[in-house]
Each structure stands twice: as C-alpha cells, then as structure tokens.
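# Observations on the model geometry
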Amino acid sequence: MDWLGILISGVKIVVVFSSLMLGVSIMTWVERRVSAVIQFRWGPNRVGPWGLLQPIADGVKFIQKEDIIPTDAYVPFYLAAPMLAFVPAAFAFTVIPFGPDIDIFGRTVKLVILDMDGGVLWGFAATALGVYALVLAGWSSRSKFSLMGGLRSSAQMLSYELPLVLSIVAVVLVSGSLRPTEIVARQAGTIWNWNVFGGGAQLLGFILFTVAGYAETNRLPFDLPEAEGELVSGYHTEYSGMRFATFFMAEYINMMTSSALAITLFLGGWHLGFPVPFTGWPLWILEILAFVVKLAAFQFLYVWVRWTLPRFRYDQLMDLGWKGLLPLSIGNLAFTAILVAFGIVGK
Amino acid sequence: MERIAFCVLAVLVVASALVVVRHKNPVVAAVALAFNLVGVAGLYMVLHAQFVGLLQVIVYAGAIMVLILFVIMLLNLLEEAEPHPAGTFQRWLAPVAAAAFAVTIGSALWRSNPPAFPPVPEGFGTAASVGRELFTRFYYPFEAISLLLIVAMIGAVLLSKRRLP
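Quick look at the structure, then. What you see is a predicted model, and the numbers here were worked out from it, not measured in a lab. (Residues numbered from 1 in each chain as written. Chains lettered and ligands numbered in written order. Predicted model: local features only at pLDDT ≥ 70, side-chain atom pairs only at ≥ 80, totals over all residues.)

## As for the overall build of chain A
Selection rule: Numbering of helices and strands starts at the N terminus; helices are DSSP runs of H or I of at least 4 residues and strands are runs of E of at least 2. Only C-alpha atoms enter the radius of gyration, while the globule expectation follows 2.2 Å times N to the 0.38, with N the number of residues. Whether a residue is buried, exposed or partly exposed follows from its count of other C-beta atoms within 10 Å of its own C-beta, namely 20 or more, 12 or fewer, or something in between, respectively; the C-beta atoms are built from the backbone. Residues are defined as contacting one another if the C-beta atoms placed from their backbone atoms lie within 7 Å.
Along its length, chain A carries 12 helices and two strands. Its helices and strands taken in sequence order, chain A reads α-α-α-β-β-α-α-α-α-α-α-α-α-α from the N to the C terminus. Here the C-alpha atoms of chain A give a radius of gyration of 21 Å, agreeing with the 20 Å that 2.2 N^0.38 yields for 347 residues. Across its three principal directions, the C-alpha atoms of chain A cover 60 × 50 × 50 Å. By residue count, 45% of the 347 residues in chain A fall in the buried class. Counting only contacts in chain A whose residues sit at least 6 apart along the sequence, the fraction spanning at least 24 positions is 76%.

Here's what the structure looks like:
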C-alpha cells in the first residue's frame, strides 16, 4: 500500500477541516461585528482584542447549557438531525480544489481532497442529502413551529435546486468536464478567462447560482424556514446547547461550500487572474491565498446581503424560484449550448 | 478493500430494506428507504459505475425520497396499530414470488460462476462513457423512456387540473 499517499490525504483532510472550523468560528464573529457596523452598533467587543475571542466564549457557553429533549420528541431522529446537517455540508467541500499541484517530498500533490471525474455531481449529491436534516429535525421535534419550518425548507430547497443545478450544467457544458480541477484549469490566465466573463460567458449563470445558493443555504432574504416573526426559529426551535450549535455550524459550512463552488465554477478557482513574475512556492502560497481571499469576500457578501435586504414572503419566494429563476436558467443553458455549438466559447 | 466495502454496504442495504418493510412508523420506513438508496449507490461505486451511483444519490435519495417524506409529513400519518391488512391472495403469492426470484438468481450465479470480474476498461463509468452509450447503443430505449416520462407528466397534470363536478 502507498502509505505516503494515505498520509498526505490524511494531512489534507485534517488541514481543510480545521481551516473550515476556524472559518466558521471567525464567521460567527464577523457576522455580529459587520451587522453591528451596518446598524450603527458596536457588536461583541469585550472578549479579547476587538472581541475576537467571542467564538471561544460562545463555545464554552454552548457546552455548558442543558441538553433539552422534548418529551414527545422522536428521540433517534431528534439526536441524529444535527449530525445529518453537519456531515453532508462538510462532505461537499472535499471536491473543491483550493490550490495548484505542488511538488513536495519528490512527488506531485494535488491540493484537493477528492479529485474524481464526477466531482461536481459529488458536490450535488452531498448537498442534496442535507435536506434530510431539516425535515427530520422539524418532524421529530413534534412542535408545530418546527414542523412548518421543516416543510418550508424542504419545499424551498427542492425548488431552488433546479436553477442551481441548471446554472452549473451550463458551466459543465462550457468546460466539457465534470471534474472540478479541470474546470479550474480551463480558467487559467487573466481575469477575462474566468467562466463568469469571457471564458464561459456565464455572468447570468453566476447571478442565478448565487441567488439560488442563498436560498439553498437558508440565508436571508430566503430564510423562510426560520422566519422568527412567524415560526420562532423554525426547524431548530426545540434544540438547545451544542445541538443547536451544530445546526448553526452546518449553516456556516454550507455557506462556505456554496461560496467555494461558486469560486471554483465561475471565478477562476485558485487562479490569481493576473500574471506574476515568479514561480515555485511563492506562487503556490499566493494562489492558495487567492482562494482564501475570494472565499472571504463571498462570506462578507453573505453577511452584507443578510443585514441589508428584508425577507421575502413565502409565495413571493416560490414565485421567484419557479417563474423567475427557473425559466432564466433554462434560457441561460440554451444560450450557452448555442454558443458552445458555434464554437464561440468552450473548448 | 473492495470486499470490505461490499460487505458493509450489503449489510446496510439488507438491514435498511428490512426496516422499510417491518417498521410501523412511516417516517422511519421512508428514512430507511433513503439509507437503502444511498447503500445501493455505494454498491454502484464499488462496481466502478460512479456516474450512475452519484445520480442515484442525487435523483432518488436527494429529490424523490424528500418528496415522499414531505407527503408523509403533510398527511401526518401516525404509527400503524396493526399490520397492514393484506389479502390472503397476496399472503400466499408473496413467498412464492420471492422463492422463484431467489431460485432464478441463484441458478444464474451457480451456472456462470466467473472466476473474477474482468478488468475495468479505461474511463468506465464516467459521465462521458455513460453518455456515449446512451446516445449510440441505447438510443431508442433512451428515447422511449423519455417519451414514457412525458406521458406520465402530462397525465399527472391532467389529473390534478381536472375540475371536479
């Protein structure tokens, strides 16, 4: 057996998931600080410098809290639901390439955990399974708020999965591959080569993907499953302590995964987008940093949109999904197909 | 390695199938069916048919099962108090059909008994190879199935839009 290969894979998994968890804890801080700036408040600024240690304080508080299980709850599903939310969210991240191939210890290491031919489909499959967590959490709590939240979320995710997938299909059409590393490799060079611009002419596709991605991750303006004014807090109303925190972390990981997918498919992945005069390890580090910066910018956009736009009404949400985004994404797909057929974009 | 994966998945598939049939709570049965579908997708993966396996998870486990779960939750079905009242006809037919199926599969396995699976050709099971097969060798069956799906869809729309007297 190739022990070094297994070791390298293990190191990649540990590094990626610890960075993800670190990102989640930073995001909980960023969310509150940025929302505070938008609303002319201070936000959490007491724990550590600029309140940076606030996530640690929160973690300690969550662990100490009493773990409440409602009397009528269906216990197996009630306990499993937070895990079912967390695992698929993290699974989808494994196919995201976060850097170039690097040469280390005399062998080439790809900076992606799982480099498979159907990588894009793997991402879909993992996110598609995330719905179960919300549905089961809503059902097993035996609370009307939770149940309504669970039903809404499943209806919303099923409706917005169609424009999401169709906008990705257009990218696949342009790239001629379902392998994320190949999709990224096609976008090398200048910014113009990114799929969102000249590389794939997917500006509309990118907008559709982003909007549908916000709905898939249940973020404002599409956070109907947990609309506080109507549903207390939706499918996780009955959860407390660490189980609630697990749902919360799953939401942030979902945001990271959907941003990373958008970067990989539309925004050139880890490519810098401009030429630099050097190669070798400084370039690798710069390219990994480019990925991190793009991811951070996308996360900031998530927070910015959340604290700027009001929430949709449920019928408006369904109208937008089925009558707005779906026809647009089908049109985008047909248009892209024509462009590819005439050899204007794609290989 | 593949043998271990196969054994784990086979146990998962058989056990979840038993839960689907035996459990009294419809939501538990539906979730067990989802596990079953994911397990079968894993079996496809073990057989190097990764595209079919991934589609199985996306379409069946990710979309169709969620719809089924949705309907069960909307109808608010409670646990069944007693076993489903099956007719005597079914009660006798089911074991006979199961036995006939087992004998057919068993005899087929007994007669063929290949020493090992043939080596997998290059690019087997990828989206490209499945697509090529679909649009060349299996073109007419493929089109027939899409026609069937359209007929079913139109039928569903007609039935749901019918004005009741």
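## Focus on helix H6 (residues 144–175) of chain A
All names here are of chain A. To be explicit about the condition: What a helix should span is 1.5 Å times the count of its residues minus one. Here the bend at a residue means the angle between the axes of two seven-residue stretches, the one that ends at it and the one that starts at it.
Taking 1.5 Å per residue, 32 residues should reach 46 Å; H6 reaches 46 Å between its end C-alpha atoms and fits that length. By the largest-angle criterion, Glu161 marks the main kink of H6, which is about 30 degrees, and a proline, Pro163, follows within four residues. With 23 of 32 residues buried, H6 lies mostly within the body of the structure. Backbone geometry just downstream of H6 places Gly176 in the positive-phi region, at approximately 70 degrees.

## So, the environment of Gly343 of chain A
All names here are of chain A. Tracing the backbone shows Gly343 in the segment after helix H12 (314–341). What makes Gly343 exposed here is the crowd of 8 C-beta atoms within 10 Å. Spatially, the C-alpha atom of Gly343 lies 9.9 Å from that of Val174, the residues being 169 residues apart in sequence.

## Focus on the interface of chain B and chain A
As a reminder of what qualifies: Residues are grouped as follows: nonpolar covers Ala, Val, Leu, Ile, Met, Phe, Trp, Tyr, Cys and Pro; charged covers Asp, Glu, Lys and Arg; every other residue, Gly included, is treated as polar.
At the interface, 18 residues of chain B touch 19 residues of chain A. Contributions of two or more residues to the side of chain B that touches chain A are made by helix H2 (26–46) and helix H3 (50–75) of chain B. Examining the composition of the side of chain B that touches chain A, we find that 13 residues originate from one element, H3 of chain B, more than from any other. By residue class, the composition of the side of chain B that touches chain A is 15 nonpolar, three polar and no charged.

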